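# Survey of secondary and tertiary structure
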Amino acid sequence: MFTTAFAPKNQTQSGELPRDLFAAIEDLKKELNAVILAHYYQEPDIQDIADFIGDSLQLAKAAAQTNADVIVFAGVHFMAETAKILNPDKLVLLPDLTAGCSLADSCPPQEFAAFKAAHPDHLVVSYINCSAEIKAMSDIICTSSNAVKIVQQIPKGQPIIFAPDRNLGRYVMEQTGRDLLLWQGSCVVHETFSEKKIVQLKIAHPQAEAIAHPECETSVLRHANYIGSTAALLKYCQTSPAQEFIVATEPGIIHQMQKFAPDKHFIPAPPTNNCNCNECPFMRLNTLEKLYLAMKNRAPEITMSEEIRLAALRPMQRMLEMSV
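Position numbers for residues count from 1 along each chain, tracking the sequence in the order it is written. Only residues with pLDDT of at least 70 are given local features in this predicted model, and only at 80 or more are side-chain atom pairs given and counted; all residues enter the totals for whole chains, interfaces and linings. Side-chain measures were taken over the full set of non-hydrogen atoms in the model, leaving aside hydrogen atoms and water.

Here we come to the side chain of His39. To qualify as a helix, a DSSP run of H or I must reach at least 4 residues; to qualify as a strand, a run of E must reach at least 2; elements of each kind are numbered from the N terminus. Of note, His39 is situated in strand 1 (residues 34-39). Among the residues examined, His39 registers a relative accessible area of 3% and is labelled buried. Filtering out sequence-adjacent residues up to four positions away, His39 remains in contact with Gln47, Ile53, Gly54, Asp55, Ser56, Leu59, Ala74, Met79, Thr230 and Met283. Only protein chains enter the accessibility calculation, which uses a 1.4 Å probe. A residue is then buried if its area is under 20% of the maximum for its type, exposed if over 50%, and partly exposed in between. Contacts are assigned to residue pairs that have any heavy atoms within 4.5 Å of one another.

Let us look at the packing of aromatic side chains. Put simply, two rings from Phe, Tyr or Trp (the six-membered ring, in Trp's case) pair if the centres are within 6.5 Å, and we call them stacked under 30 degrees between planes, edge-to-face over 60, tilted for the rest. In this structure the tally under the stated criterion is five aromatic pairs. Residues Phe115 and Trp183 carry aromatic rings whose centres are separated by 5.2 Å and whose planes lie at 80° to one another, so their mutual orientation is edge-to-face. Note that Phe115 is positioned in helix 6 (residues 109-117) and Trp183 in the loop between strand 8 (180-182) and helix 10 (195-204), a separation of 68 residues in sequence. Considered together, Phe115 and Trp183 belong to a single accessibility category, that of buried residues.

UniProt positions are given in the numbering used here, feature names are shortened, and annotations may be inferred rather than shown by experiment. Under the UniProt annotation, "binding site: [4Fe-4S] cluster" (unreviewed entry) lies at Cys101, Cys187 and Cys280. Taken together, the annotated residues stretch across 180 residues yet fold into one region, lying no more than 9.3 Å apart by C-alpha. The residues touching Cys101, leaving out its near neighbours within four places in the chain, are Val76, Phe78 and Phe282. Here Cys280 is to be found in the loop between strand 12 (265-268) and helix 14 (288-297). Since its relative accessible area comes to 13%, Cys280 is described here as buried.

Next up on the list: the pattern of salt bridges. Any carboxyl oxygen of Asp or Glu within 4 Å of a side-chain nitrogen of Lys or Arg constitutes a salt bridge here. Going through the model one piece at a time under the given rule, you end up with 10 salt bridges. Between Glu26 and Lys29 there is a salt bridge; the shortest N-O distance is 3.4 Å. Taken as a pair, Glu26 and Lys29 lie in helix 1 (residues 21-32) at a separation of three residues, close to a single helical turn. Where Glu306 meets Arg309, a salt bridge forms, and the shortest distance between an N and an O atom there is 2.9 Å. Of this pair, Glu306 and Arg309 both sit in helix 15 (residues 306-322), separated by three residues, roughly a single helical turn. Overall, Glu306 belongs to the partly exposed group, its relative accessible area being 44%. Via salt bridges that share partners, Glu26, Lys29 and Asp51 belong to a single interconnected network.

Moving on, we get to the sheet that holds strand 9 (residues 209-212). Whether parallel or antiparallel, the strands of a sheet pair through hydrogen bonds between backbone atoms. Between any two strands, pairing holds if DSSP finds at least two bridges. A sheet is described by the order of its strands in space; here four strands give the open sequence 10-9-11-12, paired in parallel fashion. Sheet topology places strand 10 (226-227) and strand 12 at the edges, where each strand pairs with a single neighbour. An axis is simply a line fitted to the C-alpha atoms; with a helix, the fit covers only the stretch in contact. Between two such axes, the angle follows the N-to-C directions and lies from 0 to 180 degrees. The sheet strands contacting helix 10 are strand 9, strand 11 (244-248) and strand 12, and the helix crosses strand 11 at an angle near 175°.

Per the UniProt annotation, the sites labelled "binding site: iminosuccinate" (unreviewed entry) are His39, Ser56, Tyr127, Ile128, Asn129, Ser144, His213, Pro214, Glu215 and Thr230. One can find Asn129 in the loop between strand 5 (123-127) and helix 7 (132-136). Residue classification places Asn129 among the buried positions, given a relative accessible area of 9%. Once residues lying within four places of it in the same chain are set aside, the contact partners of Asn129 are Ser56, Phe78, Leu103, Ala104, Pro164 and Glu215. Residue placement: Pro214 occurs in the loop between strand 9 and helix 11 (218-221). Since its relative accessible area comes to 1%, Pro214 is described here as buried. Apart from residues no more than four positions distant in its own chain, Pro214 is found in contact with Ser144, Asn167, Leu168, Tyr171, Leu221, Ile227, Gly228 and Ser229.

Below, the discussion takes up the packing of helix 3 (residues 56-65) against helix 15. Where helix 3 contacts helix 15, the axes come no closer than 12 Å and their chain directions differ by 105°. Taken together, the axes of helix 3 and helix 15 lie roughly perpendicular to each other. Contact with helix 3, carried on its side by Leu57, Ala60, Lys61 and Ala64, involves Met316, Met319 and Leu320 of helix 15 and no other residues of that element. Its residues assigned to classes, the contact of helix 3 with helix 15 comprises six nonpolar, no polar and one charged. Here the angle decides the label: under 35 degrees means roughly parallel, over 145 means roughly antiparallel, 65 to 115 means roughly perpendicular, and every other value means oblique. Basically, the charged four are Asp, Glu, Lys and Arg, the nonpolar ten are Ala, Val, Leu, Ile, Met, Phe, Trp, Tyr, Cys and Pro, and anything else, Gly included, counts as polar.

Our focus in this paragraph is the packing of helix 4 (residues 77-86) against helix 15. Where helix 4 meets helix 15, the axes come as close as 9 Å, and the angle between the chain directions of the two elements is 95°. Considered as vectors, helix 4 and helix 15 are oriented roughly perpendicular to each other. Mapping the contact onto sequence places Thr82, Lys84, Ile85 and Leu86 in helix 4 and Arg309, Ala312, Leu313, Met316 and Leu320 in helix 15. The residue makeup of the contact of helix 4 with helix 15, split by class, is six nonpolar, one polar and two charged.

Structural data, given as structure tokens:
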């Protein structure tokens, strides 16, 4: 448990924090009628205090169903935007407004608009890991949990643009047999895993199963015993008889894996370089202190124009309808 010793419990002054941040956050949740939504890639303390932990699809559904007045989104910017798209009348807070996403940044709205205009007959299916502006230019949103299912529901004669993740797009093509026009975006974390080091780990741990997120490159996916969304990877490690797993996704999920399968061993897939590059630098910008201050100050708040929100809402609603 994280604590600080700057001040007595629940006593705060400018620049100071309460001694017991967990208790102070619980108090603010009651005061604000707030819900804390956290992604699996957040630091363990944030996961432990969250009301709901999930992947992008689970969090989108939770945001659509909440009765809270305030949504505190412990994730990255596009996730908090998604919550605002679905809840225009609620206060949506992001602990660190600079918590962006390399994948979302790889798809600039102006460039994507020109790409879409060059292919007017194509339906646009966009991965939820994109900005509100890209969602507003899309016909259907998907997540790694439902991308295959959604593409399978689209008539086979309909040309499709898939954006922004090329690796997830390639995986969907393999699973569906569809020819997708891919936007060439990617996630820096999921592209950093070393195929060579994963093979070395499999040799060193011959009984271990390699599990991977479909945002990984094809060279990594071909060594995986199982490929799935973050939530699917969590479920798989609980049901598989294997006792060791090499985990090729952001290692924040291992906190939940260890909770649900405490008798099993989880090895984070290593990056190409000797660094912590397998950790998302944007996800890790959120901290327990920033989460507390966001609730205390009712800021930073996620805002957007109603025009963008409504345009982005339609493909979000189509995703939720097609994911039932």
